[in-house]
Amino acid sequence: MKRRKIYDEIEQMFGLVPTMFKSIPDSTLELEWELFKRLQLEDGAIGVKNRELIGLSIAAVSKCRYCAYFHTEMARLNGATDEEIEEAIHFAKASAGWSAYVNGMQLDFSDFKKEIDLACDHVRDLHLQH
């Protein structure tokens, strides 16, 4: 697909061609646009709103202000509330904090896996009892 045709498709969808697409080389523009549409715009096994909340969580941890803004606005566009946005960010903060702690403490991974598996088994058993 030629650049002009891709730009026409992007402009039809967004009303403009964002600079981030203009900087992509001709050799990969079509591939990047197709991937962007599939991952960012089309529904899949995980709905678009939840994928955007995941993207926002990743952006928060990676500290990318471009990604944080994009995923926040896309999450809102797809129906996310302020409470859902805050919860996604808080979840990312907690996950990153625990990751830093258990990695820094160099906990034995085999023991960790066994404990998590036992905890999950226990929770499943509790759910079956109710």
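Everything here concerns the structure above.
A short tour of the structure in this document, coming up. (Residues numbered from 1 in each chain as written. Predicted model: local features only at pLDDT ≥ 70, side-chain atom pairs only at ≥ 80, totals over all residues. Heavy atoms only, no water.)

## Regarding a nonpolar patch on the surface
Which entries qualify depends on this criterion: Surface patches are drawn from residues lacking salt bridges whose relative accessible area is over 30%; two like charges belong together within 9 Å, two nonpolar side chains (Val, Leu, Ile, Met, Phe, Trp, Tyr) within 5 Å. Surface accessibility follows the Shrake-Rupley procedure with a 1.4 Å probe radius. Residue values consider only the protein chains on display as shielding. Salt bridges are defined as contacts in which a side-chain nitrogen from Lys or Arg sits within 4 Å of a carboxyl oxygen from Asp or Glu. Counting from the N terminus, the helices are DSSP H or I runs at least four residues long and the strands are E runs at least two residues long. For each residue, the accessible area found with a 1.4 Å probe, counting protein chains only, is set against the maximum for its type, and the residue is called buried under 20%, exposed over 50%, and partly exposed in between.
Where nonpolar side chains cluster on the molecular surface, the patch consists of W98, Y101, M105, L107, F109, F112 and I116 and spans about 790 Å² of accessible area. The set of elements that each furnish at least two residues to the nonpolar patch consists of α6 (82-104) and α7 (109-129). It is α7 that provides the largest number of residues to the nonpolar patch, a total of 3 residues. Of note, M105 is situated in the loop between α6 and α7. The class of M105 is partly exposed, set by a relative accessible area of 49%.

## Brief notes about the packing of helix α4 (residues 48-62) against α6
Filter applied, for reference: Note on definitions: angles span 0 to 180 degrees between N-to-C directions of axes, and those axes are lines fitted to C-alpha atoms, for helices only across the stretch in contact. The cut-offs work like this: below 35 degrees is roughly parallel, past 145 is roughly antiparallel, 65 to 115 is roughly perpendicular, and the gaps in between are oblique. Here a crossing is taken to be left-handed if its near helix is turned anticlockwise relative to the far helix by less than a right angle, and right-handed if that turn runs clockwise. Whether two residues are in contact is decided by their heavy atoms: any pair within 4.5 Å suffices. When residues are grouped by polarity, Ala, Val, Leu, Ile, Met, Phe, Trp, Tyr, Cys and Pro land in nonpolar, Asp, Glu, Lys and Arg in charged, and all others, Gly among them, in polar.
Look at α4 against α6: their axes get within 8 Å of each other, and the N-to-C directions meet at 45°. With respect to α6, the element α4 is oriented oblique. Relative to α6, α4 is oriented so that their crossing is right-handed. Contacts between α4 and α6 involve K49, L53, L56, S57, A60 and V61 from the former and E84, I85, A88, I89, A92 and A96 from the latter. Its residues assigned to classes, the contact of α4 with α6 comprises 9 nonpolar, 1 polar and 2 charged.

## Overview of the side chain of K37
Looking at the secondary structure, you find K37 in helix α3 (residues 26-41). You can call K37 buried: its relative accessible area is 12%. Leaving out residues up to four positions away in the same chain, K37 has contacts with E9 and E42.

## Some remarks on the packing of α3 against α4
Following both chains from N to C, one finds α3 and α4 inclined at 100°, their axes separated by 9 Å at the closest point. Comparing the axis directions of α3 and α4 gives the class roughly perpendicular. Where α3 approaches α4, its residues R38, L39, Q40 and L41 are matched on the opposing element by V48, R51 and E52.

## With respect to the packing of aromatic side chains
Going by this rule: Two rings belonging to Phe, Tyr or Trp (six-membered ring only in the last case) form a pair when the distance between their centres is within 6.5 Å. Interplanar angles under 30 degrees mark stacking, angles over 60 mark edge-to-face geometry, and anything in between is tilted. Placement of a positive charge over a ring is assigned whenever Lys NZ or Arg CZ falls within 6 Å of the ring centre and within 35 degrees of the normal to the ring plane.
As enumerated under the stated definition, the model contains 8 aromatic pairs in all. Ring centres 6.2 Å apart and planes at 75° place the aromatic pair F14 and W33 in the edge-to-face group. Of the two residues, F14 is situated in helix α1 (residues 3-14) and W33 in helix α3; the sequence distance between them amounts to 19 residues. Given the relative accessible area of 28%, F14 is considered partly exposed. Connected via pairs of aromatic rings, a cluster forms that spans F14, F21, W33, F36 and F70. Across from the ring centre of Y66, 5.4 Å away, lies the NZ or CZ of R65, which sits over that ring.

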